[in-house]
Amino acid sequence: MSTVFISPSKYIQGPGEMDNIGAYTAKMGKKALCVISKGGYARQGSQIEASFARVDADVIFDYFHGECSMNEINRLVDIAKEKQCDVVIGVGGGKIFDTAKAVAHYVGTPVVVCPTIASTDAPCSALSVIYTDEGVFQEYLFLPRNPDLVMMDTQIIADSPVRLTVSGMGDAMATYFEARACYASGATTCAGGNVSVAAMGIAKLCYDTLMNDGILAKFALEGHSCTPAVERIIEANTLLSGIGFESGGLAGAHAIHNGLTVLEECHHMQHGEKVNFGTLTQLVLEQVPEEELCVMLNWMTAVGLPVTLKELGITDDSREHLMPVAEAACAANDTLHNLPFPVDAERVYNAMLVADAYGRAALAM
């Protein structure tokens, strides 16, 4: 099988970039549908409108309903067609990006992705994660191309809740370990081929950046400061992780995240927080040396990521309660089977309990 490497057409990052969204979008179309939350519009709506007022293009807004579901995608497709929009913009967080990407695909327009948080690696990918209207993982929708533009206003992100960027670190940290597993197993990645050397290099750079700058960035973000460490973490969470997971592949961490979505008590947790516990569980499944596990636990707890079931909101660790998580993670169409050894629900269930025990021991130190 050939190796495949894909990426967004353009990536722009820096403070104040939201002021330029109109100019960037006007190069792609004359009428944009902007998918945004009601709160997001209250924060950035006037800034976006002012940006479009300076160019020869119009923008209409529609509030996101909360889940990247096929019902929500179809609703917005109908609006885009009715209003004759020739470009779609997603402003906000991961489910908004995924929805905007899917809408643009079905309407046949370019898509601009503008994160106001750095909580996931969704912005750069040719992939939408589809959920039910109730928030349960349903499927991956693979798209024919990556976003035409990803634009990060780093000052907006520095002013966002610290928890969200930390969650993005959890999502990004999975990148290297999942790519490493896919490289070892020869798995087919989200890009449609084997892992390239370039993808492995980016995944490792993502890991190194998180290890070197993660704690420094967290302290800076607590003061809403956009320091060089914050800039590097935003790039790691978004660009490095986005390219790394897509061309490097997904494995255990994200499959276990998907399993956790069956538990209602986890629905309030951020994507990257659940992925982080999935990474810990994957490392247990891989039986990595204890030294590597301890290094990761120290980093996870230092930046404030959850490492126990209790921190995810799970108080019932009985077999009856957790086995559905393990079974969902082992679904035939999920990425757990990209690990370089056979895995079944029994093994995942036991690994989750071991990961939880390691996490509790780390928090007690």
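Residues numbered from 1 in each chain as written. Predicted model: local features only at pLDDT ≥ 70, side-chain atom pairs only at ≥ 80, totals over all residues. Heavy atoms only, no water.

**Q** Provide a residue-level description of the overall build of the protein, including the pertinent values.
**A** What the protein contains, in helices and strands, is 13 helices and 8 strands. Taken against the 2.2 N^0.38 rule, which gives 21 Å for 365 residues, the C-alpha radius of gyration of the protein at 20 Å falls within 12% of a compact globule. For the protein, the spread of C-alpha atoms along the principal axes amounts to about 60 × 40 × 40 Å. Put simply, the protein has 365 residues, and 60% of those count as buried. Residue pairs at least 24 apart in sequence account for 79% of intrachain contacts in the protein once pairs closer than 6 positions are excluded. For the protein, the accessible area works out to roughly 13,800 Å², and carbon and sulfur atoms hold 53% of it. Here the protein carries 23 positive and 43 negative side-chain charges, and the mean point of each set is 5 Å from the other. (Helix = DSSP H or I, 4+ residues; strand = E, 2+ residues; numbered from the N terminus. Rg over C-alpha atoms; globule rule 2.2 N^0.38 Å. Buried < 20%, exposed > 50% of the residue type's maximum accessible area, 1.4 Å probe, protein only. Contact = heavy atoms within 4.5 Å. Areas by Shrake-Rupley, 256 points an atom, 1.4 Å probe, with all protein chains shown as cover. Lys, Arg positive; Asp, Glu negative; His and termini not counted. Charge placed at Lys NZ, Arg CZ, Asp CG, Glu CD.)

**Q** Go over the nonpolar core with me, naming the residues and quoting the values.
**A** One broad trend across soluble globular proteins is that nonpolar side chains are buried collectively. Grouped together as the largest cluster of nonpolar side chains are 100 residues, with contacts concentrated most on Leu210, Trp299, Leu336 and Val348. Other than its neighbours up to four places away in sequence, Leu336 contacts Ala251, Gly252, Ala255, Ile256, Leu285, Ala329, Cys330, Val343 and Val348. Among the nonpolar cores identified, the runner-up in size contains 19 residues, and Ile21, Cys34, Val91 and Cys114 belong to it. (Core = buried A, V, L, I, M, F, W, Y, C linked by side-chain atoms within 4.5 Å.)

**Q** Lay out the pattern of salt bridges with the relevant residues and their values.
**A** Pairing between side chains of opposite charge can happen when their charged atoms approach one another. Overall, the coordinates contain 13 salt bridges when judged by the stated rule. For Asp56, the salt bridge identified is with Lys30, shortest N-O distance 3.2 Å. Of the two residues, Asp56 sits in the loop between α2 (38-53) and β3 (58-63) while Lys30 sits in the loop between α1 (21-26) and β2 (31-36), which places them 26 residues apart along the sequence. When its relative accessible area of 58% is taken as the criterion, Asp56 is described as exposed. Residue class for Lys30 comes out partly exposed when judged on its relative accessible area of 46%. (Salt bridge = Lys/Arg side-chain N within 4 Å of Asp/Glu carboxyl O.)

**Q** I'd like a rundown of helix α11 (residues 290-303), residues and numbers included.
**A** Here α11 is 14 residues long and its end C-alpha atoms lie 20 Å apart, about the 20 Å a rise of 1.5 Å per residue gives. For α11, the full list of buried residues reads Leu293, Met296, Leu297, Trp299, Met300 and Val303. The arc that holds the buried residues of α11, viewed along the axis, is 165°, so those residues lie on one side. In α11, the exposed positions angled more than 90 degrees off the buried face are occupied by Glu290 and Glu291. Note on α11: the residue one or two positions beyond its end, Gly304, has a positive phi of about 95°. (Expected span 1.5 Å × (residues − 1). Arc of directions from axis to C-beta.)

**Q** Give me the lowdown on the pairing of strand β1 (residues 11-14), citing residues and values where you can.
**A** Of the two faces of β1, only one is covered, namely that formed by Ile12 and Gly14; the face formed by Tyr11 and Gln13 stays uncovered. Of the pairings in the sheet, the one linking β1 to strand β8 (residues 149-153) comprises 4 bridges and is parallel in character. Paired with Tyr11 across the strands is Val150, a residue of β8. (Pairing = 2+ DSSP bridges.)

**Q** Quick one: what's the story with the layout of surface pockets, residue by residue and with numbers?
**A** The computed volume of the largest pocket comes to approximately 920 Å³. Residue lining of the largest pocket: 49 residues in total, with Gly93, Gly94, Lys95, Thr120 and Gln270 positioned closest to the centre. At the level of elements, α2, β4 (87-92), α4 (94-107), β6 (127-131), α6 (162-185), α9 (252-260) and α10 (271-286) are the ones that each hand at least two residues to the lining of the largest pocket. The greatest single-element share of the lining of the largest pocket, amounting to 5 residues, is contributed by α4. (1 Å grid on protein atoms, 1.4 Å probe; cavity = no way out; pocket = protein on both sides within 12 Å on 5 of 7 lines; lining within 4 Å. Points joined across faces, edges and corners; volume = space filled by probe spheres on them.)

**Q** Account for the packing of α9 against α10, naming residues and giving values.
**A** Across the interface, α9 lies against α10 with an axial gap of 7 Å and an inter-helix angle of 125°. Taken together, α9 and α10 sit at an angle that is classed as oblique. As α9 packs across α10, the resulting crossing turns out to be right-handed. Facing α9, whose interface residues are Gly252, Ala253, His254, Ile256, His257 and Leu260, α10 presents His271, Lys274, Val275, Gly278, Thr279, Thr281, Gln282 and Leu285. Grouping the amino acids of the contact of α9 with α10 by side-chain chemistry returns 5 nonpolar, 8 polar and 1 charged. (Axes fitted to C-alpha atoms, helices over the stretch in contact; angles between N-to-C directions. Parallel < 35°, antiparallel > 145°, perpendicular 65-115°, else oblique. Left-handed = near helix turned anticlockwise from the far one by under 90°. Nonpolar A, V, L, I, M, F, W, Y, C, P; charged D, E, K, R; others polar.)

**Q** Give a detailed account of α4, specifying residues and quantitative values.
**A** Relative to the 20 Å expected for 14 residues at 1.5 Å per residue, α4 spans 20 Å between its end C-alpha atoms, a close match to the ideal helical length. Counted residue by residue, α4 has 10 buried out of 14 residues, so it is predominantly covered. All buried positions along α4 are accounted for by Gly94, Ile96, Phe97, Asp98, Thr99, Ala100, Lys101, Ala102, Val103 and Ala104. In the core, the buried residues of α4 are packed alongside β2, α3 (70-82), β4, β5 (111-115), β6 and β7 (137-142).

**Q** Would you mind going over the pairing of β8 in detail, with residue names and values included?
**A** Of all 5 residues in β8, 5 are buried, a share of seventy percent or more. Neither face of β8 is left uncovered, since the one carrying Leu149, Met151 and Asp153 and the one carrying Val150 and Met152 both have all their residues buried. Both β5 and β8 contribute to a ladder of 2 bridges, which runs parallel. Bridge pairing in β8 links Val113 to Val150.

Everything listed here is a matter of geometry and, on its own, says nothing about what the molecule does.
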